Structure formats: structure tokens, C-alpha cells
Amino acid sequence: MDISFSEQDLQFQEEIRSALANDYPSHVREKQEQGMVLSKQDMIDFHKFLYEKNWAGYNWPVEFGGTGWSPVQIYLFLNELAAAQCPTILPFGVSMVGPVIYTFGNQEQKDRFLPDILQFNSWWCQGYSEPGSGSDLASLKTKAVLEGDHYIVNGAKTWTTLAQNADWIFCLVRTETTQKKQEGISFLLIDMNTPGIEVKPIITIDGDHEVNTVFFTDVKVPADQLIGEEGKGWTYAKFLLAHERFGIAGVPVCKVQISRLKEKTAHYNDLDLNKKIAEVEIDLMALEFTELRALAAIAGGGHPGAESSILKIRGTEIQQRISELFVEAAGQYILAYEGPDGFESNKTPAGPDHASDSVAHYLNFRKTSIYGGSNEIQKNIIAKAILGV
Amino acid sequence: MNLNYSDEQNMLREQVLKFCETNYDFADREKILDSEAGYSPENWKEFAELGWLAVPFSEDNGGYNFGPIELTVLFEEFGKSLVVEPYLSSVVMSGTILENSNYSAKQALLESIISGVHQISVAYAEANIGYNFLDCVTSLDAKGDNLVLNGSKTIVLNAANSNQFIVLAIHNGKPALVLVDSDTSGLELQSFRTLDGQTCGELTFENVALNSDALIASGDEATSLFNQMIDVSILCISAEAVGAMTSAYQKTVQYTKEREQFSQPISNFQVLQHRMVDMFVETEITKSLLIKATLQLDSKDAETSKTISALKVQVGKAGKYIGQQAVQLHGGMGVSNEMSIGHYLKRFTVIDSMFGNTQHHINKYSSL
């Protein structure tokens, strides 16, 4: 047994690290270091930077314009990004719809969509959940009816992250009502500028506008924007979920958060807090090694299975725990709070400077045990797939 | 042994319940929070007319001779609907200090609080002292026959609506409580919204000149008045938390019965049932410590402070658990600001952070 990385992998890591040190756009870096909210343009700039470095397709095969990196290289790359305080790469294009298009789309669709995804010329969002279909995703009702060379789409998608910025949405739609609800679902790409689409913000409890409900009323979608076959959407969706799991544990971001917490609270000499930080650090150490075990299995040719549910459950628990410790450390000074953008510069209340983002982050991160298949659903998956009960 | 509420106490509960049912659904509350004052002056007037603002005060001071039990009845009902009117800051905090003091002007001040025309906030927290409020830096010094106040106070509840402040300061090396008019020259106010949508403020005192009769208490008397005020305030927000816990678990049960996934109400799933049972159990356990602390405070038991710390610890832990689980079981709806449930989580977070958080009171308990 050997968990060390190869010479080449370490050299690769060093290359990424020094490239980030030199070229990571400073205006994005500064905001990230100060815990400030990034604008839409900041996000675009960051993703364009990835493209310029030829990193945009970090998890894609070479033939579609990707890096062709090994799972270990992808792992090291994502670690370095987090350690350099980069924002999380938006998964919707490059990790979600992109792999579906290059795996199941036709040549024309590949030519049409893949370059814009890599170059971040198009911002994608995900049309999966519906008001009545969350954990039970396959019960979705948004309907697409073929009329000539167009589908007519009616329905609503919800919890759509950053739909307000999106140019395109990939949707699971029902093209047929079937006995088995998983059948009759299709995978459709829709231009967000199509008439009949309305994006309604959902403000979350931290006061932020991150998610939306997207309404479709008689939206005319060219039939050539259907991916693969009608009725096979559920298969594609499951394929996509397997891709989404990469890095789901969020270990590198947690490491950055823990060191930030230590730095912000070092001068308190608060033994009780320090013990709690140590406990969560131990949990994180164990999770990191669990992730490495999964990585070793994949590198050896295995497939990520239900074990990725462990990473999702423990990862989100640790992320939430760290956010709680930030709040605890800020004590009563969390009380003055005016929203996720913080205070106007001439109007900052007393107390530690992390108080306001701590509470924003704490409230925002309640979502992590709910999204991407709630942690209850993840436990069902483990019970069924691993324990066999 | 009898742990039943009296008829009078039950009537008070009914009255508050009815008021909240008529005037305090979630949309009403949102509208109130969106207003500039952050509370409803009409509701405040009604509180005064219903006699609620007189609840904790003795008859001599224009009150009903009620005590901690009645206060917890009020607050438990307030907590169910997340009432935002400044009862805690003006009536409980300022009222408790004044009521127990020997301050010459207290009767007039209490009457003005009871009538609802006047609001007073206690300025107790500072930037660098955490929960050790009595170790403050704000200073009250003698200057001839007069006094001069310098320093700053933070997270003063309801500050922008208050006519006066009771400020905790150091006078001759010891704590003192001093009354300051909000329009006094040298006093500056910066107002903020709180995490749960209410208002608070930061006060800065620059050579604020005060008459010697502004001094409410100093030395040991001030310390004792202040500590009593903290105990009563913790009791009240704990009762509020118990009310909020009750609503949070009940709303969650209701939601899981209505929400269908996999062709059935999600309340059918045992894992969710057990989670909701735990929420209920935590609520009941918290209620037990609340009643114990209430009775001890009422009888001026020597162990009161210890029980108050125990209660605050339980409120912190249970509030966090119930608030987080209520959000989790509501799924995406739980993190949506348009639904009431996430606002319970915010209130639990605020309650835990006030007057010493869970860890602070674990430490205090073990030191007593």
C-alpha cells in the first residue's frame, strides 16, 4: 500500500500552484480573500482565466477540448484552486451538461455547445427540481410536447442556481406519461432568451439571491436541442450525477476555512473553541483520507459508487459545523446583520470583522445537507446499495 | 405540589394567543419588519391598553404585582409568532433595573414605560469585552457636581426608537448605571438591522455631560441590579425560545404531512418521524428547565443563577437542533426567506448569541 503521489503528479501540482500564484486574476483573488461576494463579471473573468490556462475542460477528454487529466491530477488541480482561494468552478456547464453533450449528443450539438462551455461564452443552469419534485425527482411534471420541429414546454423548475445569470438551461422534461415514472423523461437544452421563460428570484434566509424558480409557458424549443433519445433523459441524468460527485466532499475549501477560523480566533486563547476546532479538523482528516481511498479506487480503474454518498454526507456536515464555529466565535456580534453583502463602508458595527460573513455563511450553508440529493436520500442510497436493506 | 397555571395566568395566555392569531401572521410580521421603526407602534399601543406593559411591575409602580411566571407566559406566546415589539428591551431590561432600584425618578419612568409612550433601552455590550459586560471601558467621571460619560456601546436593542438609555459604565472603578436622554449632545447613534430583522444600534458618547441625578445606581447595587436584569432577560428569551420551538416542531409536523414525495406524505418516513420526535422531546426538556428557573427566580432561590445558566445552555442546544432540523425537513422551502420556518432558525441563533452563548453558560455553570 502506498498513498503518496508520483513524481509526475507532484510536478503537475507544482505547475498548477505556480501558475495560480502568477496568473490568478487579482481582483477576484482579493475579493475571495476578504470573503466578499463576487459579481457576475468576476465569475465570468475567473472562468475565462481557466480557459486561457487551458484548464477549463479539467475533467474532459482531450478529443472534446479537455485536458485529459487523470483522476489524481483532477484531484490535485481542484485542491490547488481551493488552496489559492479560487471560487468554486461553476459545475453546470463543464461538469454537468458538457459531459452529457459529449457522451450522448450528436456531432452537431457537440460543435454547437462544447466550445462555448469551455470558453465560458455561455452560462448554464440546471433545470431539475420542481416545486412538487425534490427528493423524488423522477416525479417531475414539466411537459414537452413535440409539434412539428419544436417542443412546446410548459411547467416550472425551482432552486435553479444563478438562473438570473444564465444563457442556457438544461432541463429534464416529461415527453410521455408512462407507467414507470423514470421512463418518459427527456433531456432538453433551452435558450433562456426564448419567449415564455420567466425567472423569479427566491431570496434565501441569509438575504441572498442565489436561487430562482423558472417558469415555462408555451416555450418553443427547436427539436434539435433534445439530447440523445426521447425518454432516455433519466439515464443521462444519472450519468451526470456520477460526474457531479467529484470534489463533493469540499475538503480543500474546508481546510481553507479552518485555517481562516484559527487565524481569526487565535488571539482569544479560547480553549473551548480550540478543542471544537480540533474535533472538526480530525473529522476533516478522516474525510480527506476517505476521499483519497475513493480516488485510489478510481485511479485503479474502479467506478465511484454509493461511497460518494459518504463524501456528500460527511462533507456537508463538516462544512456546516465549521460555519457554526465561526458563528460561535463571533458571539453576540453576529446580531447586527444587514445581508450577505455586508455593511456600507462607512457603517460597520463593532466586533470581529468576520461576524457578518460568518452568519451569512452559516445560514446559507444549511442548503448543503438539502441540495444535490438531501443527506437523508444519501443515507437511503447507502442503505440500499451497500447494506442491501 | 402544583405546576398548573392560575386562571389569571391562563387568561393572559389566551389573550396573547388571540392577539397573535388576529394580528401576527407571518405576512403581518414581515410588513412590521419592513417599516422604518422595525416594530408596530399600533401594536405597542395595544399592548399598553391591554395592560401587558405593566405585567412585571409592582402595584406601587403602576403594575399588577405579577412576576416571572406571567412574563414567561407572555414570552412563550410571543415566541410562537416571533413577535418583534421591543418588550424585552424596554419593559424587561430597563423595567427590571428601574423596578429593583432605589432611583428617585423610577416611578415616573416606569409609568411612562407602562403607558407605552416612552421606550428605554439598556446599553450593556461593548466591542472588546465579549460577554463580560461589567468589565466595560465606557467611563462615567465626576466633573464638579456633574458627570461626564465617554465611550461606546454596541448592539443596543431598539436603540433608534428609544427615548432614553440606561448605560452601563465604570464610575470610581466600579460599575454604574446611568440614565441618558437620546437627544443629549455628545451622543451619537448608528442604527443597524439585526440578523432576525429587528433593530439595534451603536452609541458613542463623547464628553456627554450629565446631572448627578442621572445616576441610577453605582458599585455593588449597580452590579446586583445588572445581574438580576440579565437573569430575568435570559428567562424571558428562554420562554420565547420554548414558544418558538413549539411552533417550529408543529409547523414541521404539519409540513411533512402535506408534502408528498414518492407518492406519499413524507411524514410516513420513519427517519423523519424520529427526527420530529427528538424536536418535541427537546422542547419539553427545555420547558422543564424553564419552569424550574421561573419558580426559583420567583422565590429568589439561592440557586437561581445556576439554573438560569443551565436553562440558557439547554435553550442554545435545543434551539439549534430544532431550528436546523425544521429547516432540513422543509427542504428547499426551509431556506427560503418567504417561508416562516427559516426565521425561527434565525431567532434561535440570535437568542443563543445574547447574554452569553451556550459555551459561556457551560463555563459559568461549572464555576458556580
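Asker: I keep staring at helix 4 (residues 71-83) of chain A and nothing clicks. Help me out?
Answerer: In an α-helix there are 3.6 residues to a turn, and that puts residues three or four apart on one side. Residue and element names in this part refer to chain A. With 13 residues, helix 4 ought to run about 18 Å at 1.5 Å a step, and its terminal C-alpha atoms sit 18 Å apart, in line with that. Every buried residue belonging to helix 4 is among Gln-73, Tyr-75, Leu-76, Phe-77, Leu-78, Glu-80, Leu-81 and Ala-82, and all of these are buried. Of the surrounding elements, those touching the buried residues of helix 4 are helix 1 (7-23), helix 8 (251-265) and helix 9 (271-299). Where helix 4 terminates, the next one or two residues include Gln-85, which has phi positive at roughly 60 degrees.

Asker: Please explain the domain arrangement of chain A as it appears in this structure.
Answerer: The parts lose accessible area when they come together, and the size of an interface is often stated as this lost area. All names here are of chain A. Splitting chain A by domain gives domain 1 (7-89), domain 2 (124-232) and domain 3 (245-387). Between domain 1 and domain 3, the C-alpha centre-to-centre distance is 21 Å. The class makeup of the residues in the side of domain 1 that touches domain 3 is 8 nonpolar, 5 polar and no charged.

Asker: I keep staring at the packing of helix 4 of chain A against helix 8 of chain A and nothing clicks. Help me out?
Answerer: The description of two packed helices rests on the angle between their axes and on the distance between the axes. Residues and elements named next belong to chain A. At their nearest, the axes of helix 4 and helix 8 sit 8 Å apart, and the two run at 25 degrees to each other. The angle between the axes of helix 4 and helix 8 places the two elements in the roughly parallel class. The interaxial crossing formed by helix 4 with helix 8 has right-handed handedness. The segment helix 4 lies against helix 8, with Leu-78, Asn-79, Ala-82 and Ala-83 engaging Pro-252, Val-253 and Val-256. Partitioning the contact of helix 4 with helix 8 into residue classes produces 6 nonpolar, 1 polar and no charged.

Asker: Please explain the environment of Gln-126 of chain A as it appears in this structure.
Answerer: Residue and element names in this part refer to chain A. Within the secondary structure layout, Gln-126 lies in strand 1 (residues 124-127). The exposure class of Gln-126 is buried, given the 23 C-beta atoms found within 10 Å. In sequence terms Gln-126 and Gln-11 are 115 residues apart; their C-alpha atoms lie 36 Å from each other.

Asker: Would you take a moment to explain the domain arrangement of chain B for this structure?
Answerer: All names here are of chain B. Structurally, chain B comprises domain 1 (7-114), domain 2 (120-218) and domain 3 (221-367). Centre-to-centre, using C-alpha coordinates, domain 1 lies 23 Å away from domain 2. Each partner contributes residues to the interface: domain 1 has 16 residues there, and domain 2 has 14 residues. Of all elements in the fold, only helix 5 (87-100) and helix 6 (106-114) reach the threshold of two or more residues within the side of domain 1 that touches domain 2. Residue contributions to the side of domain 1 that touches domain 2 peak at 6 residues, all from helix 5. Of the residues contributing to the side of domain 1 that touches domain 2, the split by class is 10 nonpolar, 6 polar and no charged.

Asker: When you look at the pairing of strand 6 (residues 197-203) of chain A in this model, what are you seeing that I'm missing?
Answerer: In the case of a regular strand, side chains alternate between the two sheet surfaces. All names here are of chain A. By the bridge criterion, 7 bridges tie strand 6 to strand 7 (residues 209-222) in an arrangement that is antiparallel. In the sheet register, Val-199 faces strand 7, and the bridge partner there is Val-214. Hairpin connection between strand 6 and strand 7: a loop of 5 residues separates the two successive antiparallel strands, and Gly-207 in this loop has a positive phi of roughly 90 degrees.

Asker: What exactly am I supposed to notice about the interface of chain A and chain B here?
Answerer: Taken together, the contact pairs 30 residues of chain A with 34 residues of chain B. Going through the elements one at a time, strand 6 and helix 10 (307-330) of chain A are the ones with two or more residues in the side of chain A that touches chain B. Class assignment of the residues belonging to the side of chain A that touches chain B gives a composition of 13 nonpolar, 9 polar and 8 charged.

Asker: Got a minute to help me understand the nonpolar core in this structure?
Answerer: Across soluble globular proteins, nonpolar side chains have a tendency to be buried as a group. Among the nonpolar cores identified, the biggest contains 201 residues, and Leu-188 of chain A together with Leu-149, Ile-166, Leu-177 and Val-178 of chain B are the most heavily contacted of them. Take this core: its biggest share by element is 18 residues, from helix 7 (residues 219-258) of chain B. Dropping the residues within four chain positions of it, Val-178 of chain B is found in contact with Leu-140, Leu-147, Leu-149, Val-167, Ala-169, Leu-210, Ala-214, Leu-215 and Ile-216 of chain B.

Asker: It is not clear to me how the environment of Lys-153 of chain B should be interpreted in this structure. Could you clarify?
Answerer: Assignment of secondary structure puts Lys-153 of chain B in strand 3 (residues 146-157). Apart from residues no more than four positions distant in its own chain, Lys-153 of chain B is found in contact with Ala-123, Ala-125, Glu-126, Thr-138, Val-167, Glu-202 and Leu-203 of chain B.

Cut-off values and rules
Residues numbered from 1 in each chain as written. Chains lettered and ligands numbered in written order. Predicted model: local features only at pLDDT ≥ 70, side-chain atom pairs only at ≥ 80, totals over all residues. Helix = DSSP H or I, 4+ residues; strand = E, 2+ residues; numbered from the N terminus. Expected span 1.5 Å × (residues − 1). Buried ≥ 20, exposed ≤ 12 C-beta atoms within 10 Å, placed from the backbone. Contact = placed C-beta atoms within 7 Å. Domains from an automatic or database assignment. Nonpolar A, V, L, I, M, F, W, Y, C, P; charged D, E, K, R; others polar. Axes fitted to C-alpha atoms, helices over the stretch in contact; angles between N-to-C directions. Parallel < 35°, antiparallel > 145°, perpendicular 65-115°, else oblique. Left-handed = near helix turned anticlockwise from the far one by under 90°. Pairing = 2+ DSSP bridges. Core = buried A, V, L, I, M, F, W, Y, C linked by C-beta atoms within 7 Å.

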